[in-house]
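Letter by letter, the chains look like this.
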Amino acid sequence: MSPRRLVLCLWTLFGVAVCVGAQSWTNIQGTVWSRSGARSISCQKQPGARYVLTSTGTKDWALNGMPTVAVEPGEEFILSCATKKLPGVTCGAPCQPCLVTRNRANEVVDWYFLGEDVKPGASYEKRFIVPPNVFSLYARVAGSGAYAGEVGPLVLTRTGRHPIPAKLDPVRLESEALAVTLTPSNGAFTVTDRRTGRVWTTDASAKGVGLPATFRCVSAYRKDPGEAMLLYGESDLSVEPSRIRFELEGSALTVTLDFPHDMPLPRGLRYPAPFTTKKGDRLIVARNEGMGYPVDEEHLALRSMSYACGYVLSMPFFGVVDDQAGAGFIAISETHEDGMLETYRLGLERLWAAGPGWMSEFGRFGYARRVRYEFSPKGGPVALAKMFRAWAKRKGWVKTFAEKALARPHVTRLYGAPNMWPFMPDRDKLAHAKELQALGVDRFLWSAGGDAAAVSYLAGQKDILVGRYDNVQDVFHPRLMERMGKPGVKGKWQESFPQDCMWTGETSNSWRRAWGIEIKEGTNVVMEHCATLCDARAVFYERDYAAEELKTKPYNARFMDTSFSEAWKECRAPAHPMNRRESRLWRLQMMRTLQDEFGLVTGSERGSASTVPVCDYYEGMMSISGSGVPRAGRDMAVTWTNDLPEACAKYAVNPVYRLPLWELVFHDCASAYWYWGDGNLKIPGQWSKRDLFNVLYGTAPLFLYTKEQWPKFREGIVRSYKRVCPVVRACGGSEMVDHQILTPDRQVQRTVFANGVIVTVNFSESPWTDEKGKVVPPGDFVWRR
């Protein structure tokens, strides 16, 4: 039996469809409307309720004239429309037969219900059931932009009735740790943790949450004590049924959405709904290194965030923990490339909560989506991080320094190595590197490149990595070079424009914009954007570029800006189409090529978990996105002495909110640095506190300065290096196994590493004494191994 016939048969379990006599409505009073104005659209009536429709505008339009039909949920209809090409006329964009649906209060539920693009010459027919909460239908043909073609007849026919099924009973799943109750009608569920007694309840009323309004649950059954299936029929009866599978094993509940892959998903999907929270809970977000937000506080920049973008979220999970008891849960978006973290304010107290969301793939559902919930009876954020590490290890994402060093032994030079960014002419860099060594700064990652002499010297030093800045995304196309005052000069990657660039449409003028270059025009500054090199082509360009450069400059490291901070992207170029899943794989291949073919230690901006096997260090992981100072990414060397922006003051170096989630998962796999426009020197008033976070997290500093700033910062850089880097080197390559909050105000914290290194940091203004009588001075730390 076909899936479609299965849905129809399931309907009959609750009442046989009753024919009430076919009743049809046809568009015989055609009127047109356009947001571009009345002069931009016209229609000429033809015999048989057909219309020759012409639109010359750029905005949306509609062919109206059908009566509004009163309906009841459960009634069955057919909407059909024919179209025809006009001889010798360019048709333009497709049209879209659709229905405007309204509820009992005459409020619009959907302006484009069952809308589907139809090119002139094609036909449209949809057999559907009126969804819940819909009490009137208005059929029309909509479109946007230029159009020329014959449309009609547009016909709406009532064919019968499918009574709304009786309410389905809840479905229960059980394990030793958890009891789960599912509500079939809306997919809501509760999870009772038997170990703690806490009941976690999803809030299906949260704004924007839920399954498509056209879904109706027609079957709910339990396959065994640990697995259940909810089967949903669409209002559109031509659509395959949708399934939601719940699998319970021990303390983990996995929810899989398996909807028709060609199902339109124009605005994404928010499901499952968020679990409600209570005062005393903390929302755990893998924002760069990690953040913990008390749910009853006001917070800045908590919003929808994409797991596809490493600039903000470094790992595809969120969680909630009870600050006192340590119990909580983690939600891992296993299909993360198109995943979202959605945040909500729930209830009268407007407490923060979070839930998974899903972007479309080229406007469609695309493929099955899956989220894994795992519940912990204790351990707080550390327990959640270790749950994610175990999951990431199964995925092959946990590749340790020890494993990386088998092929590239010099990768261990990152242990305790500060990231040095001296902004100065190439002719001065060799002398400056030797001055650093003479001052005792003799182990570092040199990111600033240089001439052949400087690079050759640094590459020969046993404790130094020498690299350079590179970017394989930004294409400096001819127009940009002309606007920059360099007409006729070949810009980087210009040979890729436009054929190998990323396109948002199917024509070459739809190339995707990348980094914006500020160009002065008199007293004004305007922005001219680079194009974006497609990820499916970038690996080949970068391989050739690096190979040629390494013939004269023996770099052993390379920093690839934006590669793992920019979101995975879709490309619609016919020669190299690419979805987000493929975008990620192509970028991984590019970085893997630099490692495998050239033996380079590789780094990138910010970063995300799935990239760890091919990336050795991340610039920006220590910096919390949205908490920096203005223009940090453009005026990197400008220090900030003014009043701090609100988000920077509240979050940037505040132990009340920051958590070392990334280090708890990946400390033994990759090194993390501050963002180059947010390094240890950026805000002099925060320098000492940034050093404390470096020590606590086992990460080295980042120093960015100009030739003119060097005399001012020389003494402090040397002091910071000698204070921080021995500790970081001692725990290099070792897993962070614990993070402890030692005081109620969270100002004293401790980290523990697998090799025995223990670091205790006192962020407060008062001395603190540990359990062994050791005094930690204010604004200082102690460590041992």
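As the structure is a computational prediction, the values presented were derived from the model and not from experiment.

Caption draft 1: Seen up close, the overall build of the chain. A tally of regular secondary structure across the chain gives twelve helices and 46 strands. Relative to a compact globule of 785 residues, whose C-alpha radius of gyration would be 28 Å, the chain shows 30 Å and is just as compact. Looking at the 785 residues of the chain, the share that counts as buried comes to 59%. Long-range contacts, defined as pairs at least 24 residues apart, comprise 67% of the intrachain contacts of the chain with a sequence gap of at least 6. Summed over its atoms, the accessible surface of the chain is roughly 31,300 Å², and 51% of this surface lies on carbon and sulfur atoms. Between the averaged position of the 98 positive side-chain charges in the chain and that of its 84 negative side-chain charges there is a distance of 1 Å.

Caption draft 2: Expanded view of helix H12 (residues 710-730). Over its 21 residues, H12 runs 28 Å from end to end, which matches the ideal 30 Å to within 8%, given 1.5 Å per residue. Most pronounced at Val 724, the bend in H12 amounts to some 35 degrees, and the proline Pro 726 follows within four residues. Those residues of H12 not exposed but buried are Trp 710, Phe 713, Gly 716, Ile 717, Val 718, Ser 720, Tyr 721, Val 724, Cys 725, Val 727, Val 728 and Ala 730. Lining the buried residues of H12 we find strand E29 (419-423), helix H4 (426-438), helix H11 (687-697), strand E40 (702-706), strand E43 (758-762) and strand E46 (780-784).

Caption draft 3: Representation of the nonpolar core within the structure. Core analysis: the largest hydrophobic core is formed by 133 residues, its most contacted members being Met 315, Phe 388, Leu 414, Phe 666, Tyr 705 and Ile 717. For this core, the element with the highest residue contribution is H12, accounting for ten residues. The contact partners of Leu 414, leaving out residues within four places of it in the chain, are Phe 401, Arg 443, Leu 445, Leu 465, Val 601, Asp 616, Tyr 617, Ser 671 and Tyr 673. Counting residues in hydrophobic clusters, the runner-up holds 54 residues, among them Phe 189, Tyr 232, Leu 265 and Ala 647.

Caption draft 4: Quick look at the side chain of Asp 322. Here Asp 322 lies in strand E24 (residues 313-322). In this structure the side chain of Asp 322 is engaged in a polar contact, spanning 2.9 Å, whose partner is the side chain of Lys 278. Residues contacting Asp 322, with those up to four places away along its chain left out, are Arg 198, Lys 278, Gly 280, Asp 281 and Ala 327.

Caption draft 5: Quick look at the sheet that holds E29. Sheet architecture is open: four strands sit in the order E31-E30-E29-E40, paired in parallel fashion. Either end of the sheet is taken by a strand with one partner, and the two such strands are strand E31 (464-466) and E40. Adjacent strand axes in the sheet meet at a mean angle of 20 degrees when their direction is disregarded. Bridge count between E29 and strand E30 (residues 444-446): two bridges; the pairing is parallel. Across the sheet, the residue bridging to Met 420 is Trp 446, located in E30.

Caption draft 6: Representation of the packing of H11 against H12 in the model. Contact geometry of H11 with H12 gives a least axis separation of 9 Å together with a crossing angle of 20 degrees. When the axis of H11 is compared with that of H12, the two are roughly parallel. Judged by the twist between their axes, the crossing of H11 over H12 is right-handed. Between H11, through Trp 687, Ser 688, Asp 691, Leu 692, Asn 694 and Val 695, and H12, the contact on the second element is made entirely by Phe 713, Gly 716, Ile 717, Ser 720, Arg 723, Val 724, Val 727 and Val 728. Across the contact of H11 with H12, the residue classes tally to eight nonpolar, four polar and two charged.

Caption draft 7: Representation of the pairing of strand E25 (residues 328-333) in the model. Of all six residues that make up E25, six are buried, and the element is covered over most of its length. Residues of E25 alternate between two faces, with Gly 328, Ile 330 and Ile 332 on one and Phe 329, Ala 331 and Ser 333 on the opposite face, all of them buried. Judged from the five bridges that link them, E24 and E25 form a sheet pairing that is antiparallel. Residue pairing in the sheet places Gly 319 in a bridge with Ile 330 of E25.

Caption draft 8: Expanded view of the side chain of Glu 542. Structurally, the position occupied by Glu 542 is in helix H7 (residues 535-549). Contacts of Glu 542, omitting those with residues within four sequence positions, involve Asp 470, Val 472, Trp 493, Arg 558, Met 560, Met 590 and Leu 594.

Caption draft 9: Representation of the state of the cysteines within the structure. Under the definition given, this model contains zero disulfides. Lacking any disulfide linkage, Cys 648 is separated from the closest cysteine sulfur, that of Cys 309, by 20 Å. The buried category is assigned to Cys 648, whose relative accessible area is 1%.

Caption draft 10: Up close: the pattern of salt bridges. Under the definition given, this model contains 54 salt bridges. In this structure, Asp 428 and Lys 707 form a salt bridge, with 3.0 Å as the shortest nitrogen-oxygen distance. You can see Asp 428 sitting in helix H4 and its partner Lys 707 sitting in the loop between E40 and H12, a full 279 residues away along the chain. Classification of Lys 707 as partly exposed rests on a relative accessible area of 41%. The structure contains a network of salt bridges with shared partners spanning Arg 468, Asp 470, Lys 492, Glu 542, Glu 549 and Arg 558.

Caption draft 11: Spatial organisation of unusual backbone geometry. The amide bond that connects Gly 152 to the next residue, Pro 153, takes the cis arrangement and shows omega of 0 degrees. A cis amide bond links Tyr 271 to the next residue, Pro 272, at an omega of 0 degrees. Looking at the element boundaries, Pro 272 is found in the loop between strand E20 (252-258) and strand E21 (281-287). Phi is positive for Phe 362, which is not a glycine, with a value near 55 degrees. On the secondary structure map, Phe 362 appears in the loop between strand E27 (351-358) and strand E28 (369-376).

Caption draft 12: Structural view of helix H2 (residues 380-395). Between its terminal C-alpha atoms H2 stretches 23 Å, which fits the 22 Å expected from 16 residues at 1.5 Å a residue. Within H2 the residues assigned to the buried category are Gly 380, Pro 381, Val 382, Ala 383, Leu 384, Ala 385, Met 387, Phe 388, Arg 389, Trp 391 and Ala 392. Summarising the contacts, the buried residues of H2 are in contact with E21, E24, E25, E28, helix H10 (661-666) and strand E41 (736-741).

Caption draft 13: Quick peek at the packing of H7 against helix H8 (residues 580-598). Two elements in contact, H7 and H8, have axes separated by 8 Å at closest approach and are oriented at 15 degrees. For the element pair H7 / H8, the angle class is roughly parallel. For the crossing formed where H7 meets H8, the hand is right-handed. Between H7 and H8, the contacting residues are Asp 535, Ala 536, Val 539, Phe 540, Glu 542, Arg 543, Ala 546 and Ala 547 on the first element and Ser 583, Trp 586, Arg 587, Gln 589, Met 590, Thr 593, Leu 594, Glu 597 and Phe 598 on the second. The class makeup of the residues in the contact of H7 with H8 is nine nonpolar, three polar and five charged.

Caption draft 14: Layout of the sheet that holds E43. Spatially, E41-E42-E43-E46 is the arrangement adopted by the four strands of the open sheet, whose pairing is antiparallel. What marks the edges here is a single partner per strand, and that holds for E41 and E46. Strand-to-strand twist of the sheet, defined as the mean angle between neighbouring strand axes without regard to direction, takes the value 15 degrees.

Caption draft 15: Representation of the packing of aromatic side chains within the structure. Under the defined criterion, the tally for this structure stands at 45 aromatic pairs. Ring geometry for Phe 77 against Phe 128: centres 5.8 Å apart, planes inclined by 15 degrees, an arrangement best described as stacked. Of the two residues, Phe 77 is situated in strand E7 (residues 75-84) and Phe 128 in strand E10 (residues 123-129); the sequence distance between them amounts to 51 residues. Both residues of the pair, Phe 77 and Phe 128, count as buried. These aromatic residues form a ring-pair network of at least three members: Phe 189, Trp 200, Phe 246, Phe 275, Phe 318, Phe 329, Tyr 373 and Phe 375. Seen from the ring of Phe 365, Arg 369 lies directly overhead, with NZ or CZ sitting 5.1 Å from the centre. Cation over ring: Arg 606 sits above Tyr 311, and NZ or CZ is 4.2 Å from the ring centre.

Caption draft 16: Summary view of the environment of Leu 414. On the secondary structure map, Leu 414 appears in the loop between helix H3 (401-405) and E29. With relative accessibility at 2%, the residue Leu 414 sits in the buried group. In the structure, Leu 414 is positioned 319 residues away from Gly 733 in sequence and 9.1 Å away in space, judged by C-alpha atoms.

Conventions and cut-offs
- Residues numbered from 1 in each chain as written.
- Predicted model: local features only at pLDDT ≥ 70, side-chain atom pairs only at ≥ 80, totals over all residues.
- Heavy atoms only, no water.
- Helix = DSSP H or I, 4+ residues; strand = E, 2+ residues; numbered from the N terminus.
- Rg over C-alpha atoms; globule rule 2.2 N^0.38 Å.
- Buried < 20%, exposed > 50% of the residue type's maximum accessible area, 1.4 Å probe, protein only.
- Contact = heavy atoms within 4.5 Å.
- Areas by Shrake-Rupley, 256 points an atom, 1.4 Å probe, with all protein chains shown as cover.
- Lys, Arg positive; Asp, Glu negative; His and termini not counted.
- Charge placed at Lys NZ, Arg CZ, Asp CG, Glu CD.
- Expected span 1.5 Å × (residues − 1).
- Bend = angle between axes of the 7 residues up to and from the residue.
- Core = buried A, V, L, I, M, F, W, Y, C linked by side-chain atoms within 4.5 Å.
- Polar contact = N/O pair within 3.5 Å; in protein donor to acceptor, adjacent residues only side chain to side chain.
- Pairing = 2+ DSSP bridges.
- Axes fitted to C-alpha atoms, helices over the stretch in contact; angles between N-to-C directions.
- Parallel < 35°, antiparallel > 145°, perpendicular 65-115°, else oblique.
- Left-handed = near helix turned anticlockwise from the far one by under 90°.
- Nonpolar A, V, L, I, M, F, W, Y, C, P; charged D, E, K, R; others polar.
- Disulfide = S-S within 2.5 Å.
- Salt bridge = Lys/Arg side-chain N within 4 Å of Asp/Glu carboxyl O.
- Phe/Tyr/Trp six-rings, centres within 6.5 Å; stacked < 30°, edge-to-face > 60°.
- Lys NZ or Arg CZ within 6 Å of the ring centre and 35° of its normal.

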